[in-house]
Amino acid sequence: MEIPAPLRLRVDRDALMSNWQALDRLSGAAACGAAVKANGYGLGARLVAETLAKVGCRDFFVANWAEAQVLAPLGITLSVLHGLRAEDLPAAKAGFARPVLSTPEQIARWRDSGGGVCDVMVDTGMNRLGVSVQAVRDGLLDGLTIETLISHLACADEDVAMNERQRAAFASLTGRTAARRMSLANSAGIGLGADYHFDLTRPGLALYGGLPRPDMAGHLRQVAWPEAQILQRRHVPAGETVGYNATWTATAGTEVAILNLGYADGYRRALSGVGAAVADGESLPVLGRVSMDLLAVDVTARPDLVEGDWLTMDYDLAAASAASGVSQYELLTGLAQRFARG
């Protein structure tokens, strides 16, 4: 028996395709890939990959081999950013994705297993994953069959000197390895300009409607729209409160709808009192605390809304992030599995 989900995550495929096409244009001569890790940033990795492949995306990036295995039946080109643990060797040798090697131990493991085409991560200053620039200069990668040499910008969403230091360090490796391509820019890095694009860009957040840099705002559209059903409509008299810790008090009689949505679904508690639902363009403010599975919105202006109706949450990522203090990345990737996606 299939039970209809009480939550929907509406994914605007046209907006998703439009965002990739805009980022592809902004990438200039470089190819434009797509980060689809974390279940396509919460939207559904298969849905995202299938949609973007239709408009010409050819390079997809996931975090680990379990994520790659889910997408393997699509026949797309996958790179696994977290490299190659000993436990990953059987999957890597199966050939449905390339490892992005990031330590001397991983490189030795890949060589000892018989190797093959791989990608390599170089640390240019983020001090996260990657082999050192000096190790590459000293020949650590000699003999490897490398498709893409990769690094990652730490502060591309800010105009700081570190961006240029990282770019210059990465550029110094041009021609030092057998890599067919070089890739540095994430979403925000694309906005830094052509010097950062190299051969391949790897947008993530911007694909999904997030705004990595203010100067990219005109190019991107919202993609994700959480929708929840009204479980109950109730009248709250003046002076009464709503929700945990009674943080909201009605100053006048208020019509309230209780929605089947809460922080367990990724609608963050930080949106308490600042978030809103939308009905036909009309904003319906969230009242009181967001709880685990429920939240309340003011529907006084909409006497037509009743139990069983669906409401769309206002989920503009940049605006919700500014209002709540929660990063756009967390607002997206936290959207949980109780949503039906489509």
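Everything quoted here is computed from the prediction, not taken from an experiment.

Visitor: Would you mind going over the UniProt feature "domain: Alanine racemase C-terminal" (unreviewed entry) in the protein with me for this structure?
Guide: UniProt's entry tags residues 223–342 with the feature "domain: Alanine racemase C-terminal" (unreviewed entry), counted in the numbering of this structure. For residues 223–342, the end-to-end C-alpha separation is 11 Å, with 12% helix and 37% strand making up the annotated structure.

Visitor: Would you explain helix α1 (residues 13–26) in this entry?
Guide: The α-helix advances 3.6 residues per turn, and as a result positions three or four apart in sequence lie on the same side. With 14 residues, α1 ought to run about 20 Å at 1.5 Å a step, and its terminal C-alpha atoms sit 20 Å apart, in line with that. For α1, the full list of buried residues reads Ala15, Leu16, Met17, Asn19, Trp20, Ala22 and Leu23. Tucked inside the fold, the buried residues of α1 contact β2 (31–32), α3 (45–54) and α9 (187–190). Where α1 begins, the side chain of Asp12 points an oxygen toward the backbone nitrogen of Asp14, at a separation of 3.1 Å.

Visitor: Sorry, what's going on with the packing of aromatic side chains here?
Guide: Two numbers describe a pair of aromatic rings. These are the distance of the centres and the angle of the planes. In this structure the tally under the stated criterion is 4 aromatic pairs. A centroid spacing of 4.8 Å and a plane angle of 25° characterise the contact between Tyr41 and Tyr208, whose relative ring orientation is stacked. With Tyr41 in helix α2 (residues 37–41) and Tyr208 in the loop between β11 (200–201) and β12 (224–236), this pair connects stretches of sequence that are 167 residues apart. We classify Tyr208 as buried; its relative accessible area is 0%. With a centroid separation of 6.0 Å and 75° between ring planes, the pair formed by Trp65 and Phe96 is classed as edge-to-face. Within this pair, whereas Trp65 is found in helix α4 (residues 65–71), its partner Phe96 is found in the loop between α5 (89–94) and β6 (98–101), the two being separated by 31 residues in sequence. Judged by its relative accessible area of 23%, Phe96 falls in the partly exposed class. Over the aromatic face of Trp310 sits the side chain of Arg8, whose NZ or CZ is 3.7 Å from the ring centroid. Cation over ring: Lys93 sits above Trp110, and NZ or CZ is 5.1 Å from the ring centre.

Scoring rules and cut-offs
Residues numbered from 1 in each chain as written. Predicted model: local features only at pLDDT ≥ 70, side-chain atom pairs only at ≥ 80, totals over all residues. Heavy atoms only, no water. UniProt positions renumbered as here; feature names shortened; annotations may be inferred. Helix = DSSP H or I, 4+ residues; strand = E, 2+ residues; numbered from the N terminus. Expected span 1.5 Å × (residues − 1). Buried < 20%, exposed > 50% of the residue type's maximum accessible area, 1.4 Å probe, protein only. Contact = heavy atoms within 4.5 Å. Polar contact = N/O pair within 3.5 Å; in protein donor to acceptor, adjacent residues only side chain to side chain. Phe/Tyr/Trp six-rings, centres within 6.5 Å; stacked < 30°, edge-to-face > 60°. Lys NZ or Arg CZ within 6 Å of the ring centre and 35° of its normal.

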